[in-house]
Amino acid sequence: MAKVIVVTSGKGGVGKTTSSAALGTGLALRGYKTVVIDFDVGLRNLDLIMGCERRVVYDFINVIRQESNLNQSLIKDKRVDNLYILAASQTKDKDTLDIEGVGRVINELSQTFDFIICDSPAGIEKGAFMAMYFADEAVIVTNPEVSSVRDSDRILGLLASKTARAVNNRDAVKEHLLMTRYDPSRVAKGEMLSVEDVTDILAIPLLGVIPESESVLSASNSGNPVILDTESKAGQAYDDAVGRLLGEDRMHRFLEIEKKGFFQKLGLFRS
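All figures in this text were calculated on a predicted structure; none of them were measured in a lab.

1. Topic: the pattern of salt bridges
One pass over the full model with this rule turns up 16 salt bridges. The partner of Asp81 in a salt bridge is Lys76, with the nearest N and O atoms 3.6 Å apart. Judged by its relative accessible area of 56%, Asp81 falls in the exposed class. For Lys76, a relative accessible area of 34% puts it in the partly exposed group. We note a salt bridge from Arg250 to Asp240, for which the minimum N-O separation is 2.7 Å. With Arg250 in the loop between helix H12 (233–245) and helix H13 (262–265) and Asp240 in helix H12, this pair connects stretches of sequence that are 10 residues apart. Here Arg250 falls in the partly exposed class, since its relative accessible area comes to 24%. Given a relative accessible area of 5%, Asp240 falls into the buried group.

2. Notes on unusual backbone geometry
For Gln66, which is not a glycine, the phi torsion comes out positive at approximately 60°. Located in the positive-phi region is Phe254, a residue other than glycine, with phi close to 65°. Mapped onto the elements, Phe254 comes out in the loop between H12 and H13.

3. Some words on helix H11 (residues 214–222)
Burial in H11 covers these residues: Ser215, Ala219 and Ser220. Buried residues of H11, viewed axially, fall in a sector of 135°; they line one side. Every exposed residue of H11 that faces more than 90 degrees away from the buried side is listed here: Glu214, Leu217 and Asn221. Lining the buried residues of H11 we find helix H1 (16–29), helix H2 (46–49) and H12. At the C-terminal side of H11, Gly223 shows a positive phi close to 75°.

4. Re the packing of aromatic side chains
Evaluated as defined, the whole model comprises five aromatic pairs. With 5.0 Å between their ring centres and 75° between their planes, Phe39 and Phe60 make a pair best called edge-to-face. Of this pair, Phe39 sits in the loop between strand E2 (34–38) and H2 while Phe60 sits in helix H3 (residues 60–64), placing them 21 residues apart in sequence. By the burial criterion, Phe39 is buried, and Phe60 matches it. A ring pair is formed by Tyr84 and Phe113, whose centres lie 5.4 Å apart and whose planes are at 90°; its orientation type is edge-to-face. With Tyr84 in strand E4 (residues 83–86) and Phe113 in the loop between helix H5 (99–110) and strand E5 (115–119), this pair connects stretches of sequence that are 29 residues apart. Owing to a relative accessible area of 18%, Tyr84 belongs among the buried residues under this scheme. Its relative accessible area of 5% is what places Phe113 among the buried residues. Every member of this aromatic cluster is reached through a ring pair, and the members are Phe129, Tyr133 and Phe134. A cation sits over an aromatic face here: Lys33 above Phe113, 4.8 Å from the ring centre.

Rules used in this analysis
Residues numbered from 1 in each chain as written. Predicted model: local features only at pLDDT ≥ 70, side-chain atom pairs only at ≥ 80, totals over all residues. Heavy atoms only, no water. Salt bridge = Lys/Arg side-chain N within 4 Å of Asp/Glu carboxyl O. Buried < 20%, exposed > 50% of the residue type's maximum accessible area, 1.4 Å probe, protein only. Helix = DSSP H or I, 4+ residues; strand = E, 2+ residues; numbered from the N terminus. Arc of directions from axis to C-beta. Contact = heavy atoms within 4.5 Å. Phe/Tyr/Trp six-rings, centres within 6.5 Å; stacked < 30°, edge-to-face > 60°. Lys NZ or Arg CZ within 6 Å of the ring centre and 35° of its normal.

Any link to function would need more than the numbers given here.
As structure tokens, this is what we get:
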């Protein structure tokens, strides 16, 4: 049976889809058969981040409505074996999602996949609720700013009370904190919360800290998950996060202001 992981947050624009793509790709690179599902019905960004937007014929809603089957609807990644995408619909409404339909799709995928990554829309509306309902684990994505952290705290409350595990009195959803767009120099200036500030507030285990990096935007625009950019700090940080997700002991990097050497000052190294 697959492990179902929701990538979620209360605030938009924090990097959920980027993180879903990176984590899913990282798991597949390690040999785990992985599918990433876009729950953001009506907007649909995962296929753009994954570079497969032109290959979408049938989507998640088509499968729920039984207008297509998974074999027709899953898009196999061309770069990474074991990686598949199930796109969201751009034309349907989030109300099209229902517990029975989503559960049926998750159950069918669980028969053949090792990991199911649910890329949640922002907020606490129906799409986000559906994305988290069947989760075994949750990656809460937050930026180091007060409003983002506050909204993430609200999501933790929903994970503890509104998921299938909570409703059926089972073990709680395992929670992980993923901080994105972290800039140690701004932390030092008091413009951004520190890692310690955020972990003290949310009180859940730290999965990873992704540094602010131009490579994230570049990767998104080119349709390549940033974890494939192994020379960038963001790509390396996501790879570390995947390792921790699988139980590896990895030291957290990129938390301190880096002292630039001669060649870095000349701009010969990427961030």
